[in-house]
Every structure is written in C-alpha cells, then in structure tokens.
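Residue-level structure breakdown
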2 protein chains.
Amino acid sequence: MALPAEAVSARFRELQDSICRALEDEDGKGKFHEDIWERPGGGGGRTRIMRHGNVIEKGGVNFSAVHGELPENIRGALNVQQHKFFATGVSIVIHPESPMVPIIHMNVRYFEMENGQFWFGGGIDLTPHYIDEKDAGWFHQRLKEVCDRHSNEYYDRFKKWADDYFFIKHRNETRGIGGIFFDRLTGEKEKLFSFVTDVGELFAPVYTNFMRLHRDDPYGEKEKSWQLLRRGRYVEFNLVYDKGTKFGLDTSGRTESILMSLPEKAGWEYDFVPVKGSPEEKTTLALVKGMDWLNR
Amino acid sequence: MALPAEAVSARFRELQDSICRALEDEDGKGKFHEDIWERPGGGGGRTRIMRHGNVIEKGGVNFSAVHGELPENIRGALNVQQHKFFATGVSIVIHPESPMVPIIHMNVRYFEMENGQFWFGGGIDLTPHYIDEKDAGWFHQRLKEVCDRHSNEYYDRFKKWADDYFFIKHRNETRGIGGIFFDRLTGEKEKLFSFVTDVGELFAPVYTNFMRLHRDDPYGEKEKSWQLLRRGRYVEFNLVYDKGTKFGLDTSGRTESILMSLPEKAGWEYDFVPVKGSPEEKTTLALVKGMDWLNR
C-alpha cells in the first residue's frame, strides 16, 4: 500500500502531541497527565488527561492504535467478514471550568482490515453552554474552509451528518451547535488522509481561540448552575447514544479512557424550564437540527 | 378475572400516596410536587418529586397506569403477539443530601394483555455511598422476611437476580448492595399481587429507618466528593443498562418522569483510586456479586 497503516497512526500520534502542547500553552497552568496502556489483544494507547487548569476543568486527548482479531459480534455490527483489523484514532473532549467557554469534541479515526479494505471517520462538534451566534458562525466557517479545500460537497454533507448524529432523541434537541461528522469514508486513501489530517489540525487553533476569547468573561452562580444542566445533557448523549462510547464499553475497552468524556461534575433538575427571554432559553431554542450558522 | 387490572392500579396508587406521606413525615421539610400527565395512546400518571428536603435532596415517587396498542417493536422485544396492553407501576428513586444516608430504588409493576396473560415485576435495592455491614444485614433481613412469607425460594432467587441485574459491567462492580429483583412473575394472580404489595409496603419503613438512623451523622467535603462519584456510577447504570430507562426513552415515554432517577449533581474523576484502608476503598471492595449480607 502506498500509505501504510503505521504512517496514519504515526501522524495521529503527532497530532495528539501538538494538540496537547497548544492546549497547555493557552491554558497556562494545566498539564496533561499521561497513562500508557496496552490492549491484551494487541496494541494500546496513550490517554492524556488535564485536570483543574486555568481554563480547562477536565480534558482528555487520547490516542490509540489497536490491532488483532475482530470479535464475532463486532464483525456482525460492522457488517464485515474479515478477521484481522487495525484501528487508530485521536479522541478529544474538553470541559472548561467557565460556562462562558464551550465544550468541544474532536475525533479522527482510521480502520483497516487484512484485505486492505479501509475507512476514515471523524468530526468536530461544539457544545456552548451559551450559544453565541457570532462564535457559531465563525466555527462553522472554519469547518467549511477545511471541507472546501477537499470537496465542495463535504461541508453540507458532514454538517447534516453531525446534526443527525449529535442529537438527543429523548430531549428532542441537538447536543450543541453541531459541526461536522463523517464515518466509513473510503476512496483515494491519500486524499482522505489529507482531509482527516486537516480536520485534526483545525482543532487546536479553533479551540484555543474560544479559550482566549472567553476565559475572562464574567459569570456567576446562575451560569454555573446552567452549565451543570448542559453537562447533564452531554452525559445523556454520551451514555445513551454515542456509538464510540457504546462500542468501547461493549468490547471491554479501557473504561477510564472511554469515560474521560464525562465532566467532572454534572447536574439534573426535574423539569427545568428556562426563564422566558433569558440567554438560557435562547440557547435551548437554538438546539435544533438544520440551523444555518453561516448565514444568521 | 377475579382480580381486575383496575384493582392493581388502584392499590399501586394508594401505595404511592402512603409512601409519599411517610417520606414527607420523616423528612420534616420537603414536600412532593405533583405533575399529572396523560399518555397520548391511553392512560397517564402522577409524577411526584421532592427537592431540597432536610434529608432528601431529590426524590421521585412515580405512579403510572397506561394502556393501548403495543407498538410492533415492543411486541418483538417482549416476545408477545397480543396487541392491547395495560401496564401499571410505582417507581421510586431517592437521592439523599447526606452521603451517610443510602440511595434507594423501588419498583413494583404489573403488565396485562388482552388475552388475560399477565405478569408482575419489581424489586428494592440499596446503594449506600458508604456500606455499613450492619445496615446491609438489616436491609437484606427485612427483604428475606417479606419473601419468606410468600415462598421459601423467593429471597435466594430474587437476591441473585438483583446481583445480576444491578451490575455495572464496564466497571465490574455492582451498583450497591443489591436487594431483590424479579420480572415476569406469573402464576396465581392474587398470591403474586399479595407478594408485590408486601414488597411495596416494605419500602417506607425500610427507608425512613435509614433516614432516621443516619440523617444526623457528621460528614465533610471528602464524603461529599465521594458521594458525587458514587452518583456518577448510578447515572452510568441507569443510562447504560437499566431496562426501564431504555424502554421508556425508546418508546417516547415522559422523559422528565423517567430521568427523575438521576441525581441533582453527580461527578466523574479520571481513574479515581480510593486510599488504601479507607472507608471508600472498603465500600468499593464490597461492590461484588454474591455477597451474603445476612451472615457477615
């Protein structure tokens, strides 16, 4: 193969390094703690967690590269017949201390089977505790630029995919303002790898921008309480719907690495209804599919 | 039928009333707020929530009695062919303010189809933030007494069922010290109803005993932090494994009534390991299946 699997995982490992450096630089206090783990069936990973930084209350930037035999039930779930697999990826969730800074998630992943069949997946999505239309527009514009460099069709297609994927059905609301999401992309491997790498490289400049922009915004008890409720919804999405989480827990992945996505603290208030006309209500009303954040 | 479905739901409604009274009396401050809701397909319920009492931080005591057409996918899941159903039940989860008072869950339910086929289900299980062997023994003894009044086989069978059901597979730990759990019990309807009613009536004396016993136990920051982590595990169980929760969310039940089981606040700390020899470690080590709480 022109692009060996090891080249993909090596690039993803570099991506983890550069993202951790950028987040530590912008945070100014928090440092990532690294846990190196091995998978009994083959491969392993580097879990990196930051806790109680200046801006980041809890953040995980995980790399893994695993290989071995595909279990029977996974072959069924993936609808593939091959037995040997290789999978590598970077997964990030950042929960900031301040409710004025958004939660963010990024993932890039690559999967390959013994017959050379492969696919890429990934995405970036933003979950502001308070939606700011200007920020949302800026965020989606950055995603569109990266998409457009690779295909005119990517942004619309992957934006819609994110709306559909990051959706909390039992609440009838989206997790946040979405972003892009894609899975099982296959075709010209080098081109797809270049796109996925660009998505990964977009993460640090985008999120450090939001950290910088909002780290000193004032807030009080009301905003902290609201943040807990928004985080509660984040927990609901991740434990009830997120495929990566379910897949990981079902296949006895490393639980602590998978559940690093859960916030340090979250809350639930029975039948909470935001005050009419409040910023909390404004945010709730915008958690719908199909928002055109580029033209608002 | 000798025992009409309406008689079961009427008894369950009374049970909700008497439990709410007992909890309010022992709490001394908190009052239940009632929401009456209707199910578009038939029937409805009374959701009762207490918040910020003296002892109970958040508690739900829910009654519902619903009927109508069984959706296709539910018929498949239940492996039944009948189209019309009636279901009624009482569901309780109490999260106390103090980490020294245990979390408790109780459920009794009855399901009937148009051909008269029916079953009962239910159970009580206790999730102490700190396991006290004497309390655990007393709790299981009370459950055994109720079981023994109806069948010599019930306690052992339903205790094991609870161990297997209230199990957080990805943590390899039980939710708490278990209790009893049973589902799809069928046979002599009056006898089963009498057993299930006894289980329901055991709830108030058992839990008000724990409230009384531990409401004034001293605790500090360390115990509150530990409580948040234990509640995090409770959230994981309910959102990842609990069949009632999944069934409710999948069938577009009333989300706020279903998710009343989630605590006001919960927490997650990456790779938390309790201090060796601490009460937190002692509790963690006891979260295993097959503990004989009656003979320790």
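Residues numbered from 1 in each chain as written. Chains lettered and ligands numbered in written order. Predicted model: local features only at pLDDT ≥ 70, side-chain atom pairs only at ≥ 80, totals over all residues. Heavy atoms only, no water.

1. Considering the overall build of chain A
Scanning chain A for helices and strands turns up nine helices and ten strands. Taken over the C-alpha atoms alone, chain A extends approximately 55 × 40 × 35 Å along its principal axes. For chain A, the proportion of contacts with a sequence separation of at least 24, taken over those separated by at least 6, is 69%. The distance from the centre of the 41 positive side-chain charges to the centre of the 46 negative ones in chain A is 1 Å. (Helix = DSSP H or I, 4+ residues; strand = E, 2+ residues; numbered from the N terminus. Contact = heavy atoms within 4.5 Å. Lys, Arg positive; Asp, Glu negative; His and termini not counted. Charge placed at Lys NZ, Arg CZ, Asp CG, Glu CD.)

2. So, the confidence of the model for chain A
Of the residues in chain A, 100% have a pLDDT of 70 or more, and the chain-wide mean is 95. Here the complex is predicted with pTM 0.96, and the ipTM for its interfaces comes to 0.95. (pLDDT = per-residue confidence, 0-100.)

3. Considerations on the interface of chain B and chain A
The partner chain A presents 33 residues to the 33 residues of chain B that form the contact. Carbon and sulfur atoms make up 55% of the area that chain B and chain A hide from each other, which totals about 2900 Å². The interface formed by chain B and chain A includes six salt bridges. The partner of R171(A) in a salt bridge is E256(B), and the shortest N-O contact between them spans 2.8 Å. The tally of links between chain B and chain A comes to 17 residue pairs in polar contact (both at pLDDT 80 or more). Going through the elements one at a time, β1 (33-38), β2 (43-51), α6 (221-241), α7 (243-250), α8 (255-258) and β10 (265-267) of chain B are the ones with two or more residues in the side of chain B that touches chain A. By residue number, the principal contributor to the side of chain B that touches chain A is α6(B), which donates six residues. (Buried area = accessible area lost by both parts, 1.4 Å probe. Salt bridge = Lys/Arg side-chain N within 4 Å of Asp/Glu carboxyl O. Polar contact = N/O pair within 3.5 Å; in protein donor to acceptor, adjacent residues only side chain to side chain.)

4. Things to note about unusual backbone geometry
Backbone geometry at H52(A) places phi at a positive 55°, although glycine is not the residue there. Among the secondary structure elements, H52(A) is positioned in the loop between β2 (43-51) and β3 (56-69). For N172(B), which is not a glycine, the phi torsion comes out positive at approximately 50°. Assignment of secondary structure puts N172(B) in the loop between β7 (167-168) and β8 (173-174).

5. Things to note about the packing of helix α3 (residues 133-150) of chain B against helix α4 (residues 154-165) of chain B
Residue and element names in this part refer to chain B. Look at α3 against α4: their axes get within 8 Å of each other, and the N-to-C directions meet at 130°. When the axis of α3 is compared with that of α4, the two are oblique. Contact residues: α3 offers H140, L143, K144, C147, D148 and H150, while α4 offers Y154, Y155 and K159. Broken down by class, the residue content of the contact of α3 with α4 amounts to four nonpolar, two polar and three charged. (Axes fitted to C-alpha atoms, helices over the stretch in contact; angles between N-to-C directions. Parallel < 35°, antiparallel > 145°, perpendicular 65-115°, else oblique. Nonpolar A, V, L, I, M, F, W, Y, C, P; charged D, E, K, R; others polar.)

6. Description of helix α6 (residues 221-240) of chain A
With 20 residues, α6(A) extends 29 Å from end C-alpha to end C-alpha; this agrees with the ideal 28 Å at 1.5 Å per step. Counting buried residues in α6(A) gives 16 out of 20 residues, a clear majority hidden from the surface. (Expected span 1.5 Å × (residues − 1). Buried < 20%, exposed > 50% of the residue type's maximum accessible area, 1.4 Å probe, protein only.)

7. Notes on the relation of the copies chain B and chain A
Screw-axis analysis of chain B against chain A gives a translation of 0.0 Å along the axis, an RMSD of 0.0 Å, and a rotation angle of 180°. On this basis, the relationship between the two copies can be described by a two-fold rotation axis. When the interface residues of chain B are mapped onto chain A, 100% of them are again interface residues, pointing to one common binding face. (Least-squares fit on C-alpha atoms with pLDDT ≥ 70 in both.)

8. What to know about the side chain of E173(B)
Residue and element names in this part refer to chain B. By the secondary structure assignment, E173 is in strand β8. At a separation of 2.7 Å, a polar atom in the side chain of E173 contacts the side chain of R233. Other than its neighbours up to four places away in sequence, E173 contacts F167, I168, R230, R233, T284 and L287.

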